[in-house]
Amino acid sequence: MNIKALNGFKDILPGEVELWQRVESVARDIFARFNFSEIRLPILEHTDLFARAIGECTDIVEKEMYSFVDKQITMRPEATASLLRAVIEHGLLVQKPVQRLFTIGPMFRHERPQKGRLRQFHQLDVEVLGSASPLADAELMALGASLLVELGLAVSLELNSLGCPACRPAFRANLLNFLRDRHAALCNDCKRRCTTNPLRVLDCKNPDCRAQVADAPSLHTHLCDDCASHFHAVQEGLKQLEIPYRLNKFMVRGLDYYCRTTFEFITGDLGAQAAVGAGGRYDGLIEQLGGPPAPGIGFALGMERLVLLLQQQAAKAVGAGLDLFVAGIGEHPCRHAFALTHALRQGGMRVAMDHEGRSLKSQMKQAGKAGAAFVLILGDQELASGQALLRNMNTQEQQEIALPDAAATIRAIIRS
Ligand code: ATP
Ligand code: MG
């Protein structure tokens, strides 16, 4: 019998494990610099904890939890609930009213596995408990941004405010009113959300739903004075630390407990798995779980997605060995390309060409695989007109290069 790992569960082999170690070591260094302490938590908890902390009407609790023993016990799908449970159980906030904690480890969600989406995945989770200050929000986002910068990853930060129990009900009513006429056009999940949690309709990924809510009322104009000034101060904090961000009024995080600040670190490089990390403020949750009335904010980064981005970056970096691929099409142009390639190499550039008379399409493919920054296209027509086409492989922009002093021109363009 040939037994394989469960679908959505992955071995991390030598070669990849070094990237995991790198992420962890950079993260631990940043956590220390920002004065966070580690806490280690169990994987199994009472199911009730997640139902109460995450919310009954969330995707996670409704359909993603691994529960057993009559559904009484659950493998943690995220870290915040367990962390708050531990803080309350051990009276940590009584000892020290502001707790800055992080934890690293596996989480379990029964969802459809795909690239960057597993059933056992790993999070770096960071929480600040006991501070309502907007500077805590800005500082936490600054921590996330610093970690990503230190790893060399270009990821953007999106920010929203979900208001609080004082101002959300009016917005909710307004939104429901707006959705009433559009109900028929929403996906089935969103039809259900209209009764359970209508705000979540705003961040449905279904294109039809997106179109429906494009001109939905904005939470930002419904915030009460306290939430509005908190939101403003968070943004002032980010600006002061020079952390770039973008407001996204459609971002409504999936967990029921969020209030005020929510944020996501987004990448365009992982397809549908765009969120590398996400989090928000959850004032009121600690008390709801039986602890003191302390506010809190936290976020989690997905290790798998960070590692995937690092791998993609490494693949690009290897390819980036090549400055230029000279694509000659036809016998004469190839002769010309041969000499030009040599001249550019003499001038210190990393250049490749094909000697097998392949088609332009095939040569473009080769250039792409080799990670060439530029491709020079040279056919009979170009030879005749004395102008070759230089294509920037990153921007896809093309420009004409006069052939007589092509080597010098190309060198100047690539160097700049
Ligand atoms: P998504 O919208 O991609 O499902 P989410 O909102 O469910 O993400 P969170 O619960 O906020 O994610 O978890 C924080 C981070 O953990 C995500 O930004 C992502 O990087 C990572 N993550 C969440 N679910 C998975 C998963 N199934 N596999 C891998 N990483 C995950
Ligand atoms: Mg999810």
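Remember, it's a predicted structure, so these values are computed and weren't measured experimentally.

Draft legend 1. Spotlight on the overall build of the chain. Tallying secondary structure elements over the chain gives 16 helices and 16 strands in all. On the principal axes, the C-alpha backbone points of the chain span a range of 80 × 50 × 50 Å. Within the chain, buried positions represent 51% of all 416 residues. Residue pairs in contact within the chain that sit at least 24 positions apart in sequence constitute 70% of those at least 6 positions apart.

Draft legend 2. Structural context of the nonpolar core. In this structure, Phe31, Phe36, Leu124, Leu147, Phe265 and Leu306 are the most contacted members of the largest nonpolar core, which totals 94 residues. Once residues within four sequence positions are removed from consideration, Leu147 is found in contact with Val26, Ala27, Ile30, Phe31, Leu124 and Leu301. One finds Leu344, Met349, Val351 and Leu378 within the second-largest nonpolar core, a separate group that totals 20 residues.

Draft legend 3. Structural context of the site of ligand 1. Near ligand 1 lie 15 residues; those nearest to it are Arg109, Glu111, Arg117, Leu118 and Arg253. Here an oxygen atom of ligand 1 sits 2.9 Å away from a polar atom, N or O, in the main chain of Val276. At 3.4 Å, a backbone N or O of Gly277 approaches an oxygen atom of ligand 1. For ligand 1, whose free accessible area comes to 580 Å², the fraction covered by protein is 87%. Elements represented by at least two residues in the shell around ligand 1 include exactly strand E6 (120–129), strand E10 (275–281) and strand E11 (296–302). Ranked by residue count, the leading element in the shell around ligand 1 is E10, at four residues. Looking at the shell around ligand 1, its residues break down into six nonpolar, four polar and five charged.

Draft legend 4. Summary view of the sheet that holds strand E2 (residues 44–46). Here three strands make up an open sheet; going across it, the order is E2-E4-E3 and the pairing antiparallel. The sheet terminates laterally at E2 and strand E3 (66–68), the two strands that pair on one side only. In this sheet, neighbouring strand axes are inclined to one another by 35° on average, regardless of whether the strands run parallel or antiparallel. Along the sheet face, helix H2 (residues 47–54) touches E2, E3 and strand E4 (73–75) and points at about 75° away from the line of E2.

Draft legend 5. Just the packing of aromatic side chains, in detail. Taken as a whole and assessed by the stated rule, the structure comprises five aromatic pairs. Between Phe31 and Phe102 the ring centres are 4.4 Å apart and the planes differ by 35°, which places this aromatic pair in the tilted class. Within this pair, whereas Phe31 is found in helix H1 (residues 17–33), its partner Phe102 is found in strand E5 (residues 99–108), the two being separated by 71 residues in sequence. Take Phe31 and Phe102: they sit in the same class, and that class is buried. Among the aromatic residues, those joined into a ring-pair cluster are Phe263, Phe265 and Phe299. The ring of Phe178 is capped by Arg182, whose NZ or CZ atom sits 3.8 Å from the centre of that ring.

Draft legend 6. Examining the pairing of E6 more closely. Of all ten residues that make up E6, nine are buried, and the element is covered over most of its length. Inspection of the sheet shows E5 paired to E6 by ten bridges, in the antiparallel sense. Considered in E6, the bridge of Leu101 is made with Glu127. Relative to E11, E6 runs antiparallel, the two being bridged by seven bridges. Within the sheet, the bridge partner assigned to Asp125 lies in E11 and is Ala300.

Draft legend 7. Main features of the sheet that holds strand E15 (residues 387–392). Within the open sheet, the five strands sit side by side as E13-E12-E14-E15-E16. Their pairing is mixed. Lying at the two open borders of the sheet, with one neighbouring strand each, are strand E13 (351–353) and strand E16 (398–402). Between one strand and the next, the sheet's axes are offset by a mean angle of 25°, whatever the strand orientation. Sheet analysis places strand E12 (residues 324–328) next to strand E14 (residues 374–378), joined by five bridges and oriented parallel. Bridging across to E14, Ala327 finds its partner in Ile377. Contacts from helix H13 (residues 331–346) reach E12, E13 and E14 within the one sheet, and its direction differs from that of E13 by about 160°. Across the sheet, helix H14 (residues 360–369) is in contact with E12, E14 and E15; its angle to E12 comes to roughly 170°.

Parameters and conventions
Residues numbered from 1 in each chain as written. Chains lettered and ligands numbered in written order. Predicted model: local features only at pLDDT ≥ 70, side-chain atom pairs only at ≥ 80, totals over all residues. Heavy atoms only, no water. Helix = DSSP H or I, 4+ residues; strand = E, 2+ residues; numbered from the N terminus. Buried < 20%, exposed > 50% of the residue type's maximum accessible area, 1.4 Å probe, protein only. Contact = heavy atoms within 4.5 Å. Core = buried A, V, L, I, M, F, W, Y, C linked by side-chain atoms within 4.5 Å. Near = heavy atom within 4 Å. Polar contact = N/O pair within 3.5 Å; in protein donor to acceptor, adjacent residues only side chain to side chain. Areas by Shrake-Rupley, 256 points an atom, 1.4 Å probe, with all protein chains shown as cover. Nonpolar A, V, L, I, M, F, W, Y, C, P; charged D, E, K, R; others polar. Pairing = 2+ DSSP bridges. Axes fitted to C-alpha atoms, helices over the stretch in contact; angles between N-to-C directions. Phe/Tyr/Trp six-rings, centres within 6.5 Å; stacked < 30°, edge-to-face > 60°. Lys NZ or Arg CZ within 6 Å of the ring centre and 35° of its normal.

By themselves these figures say nothing about function.
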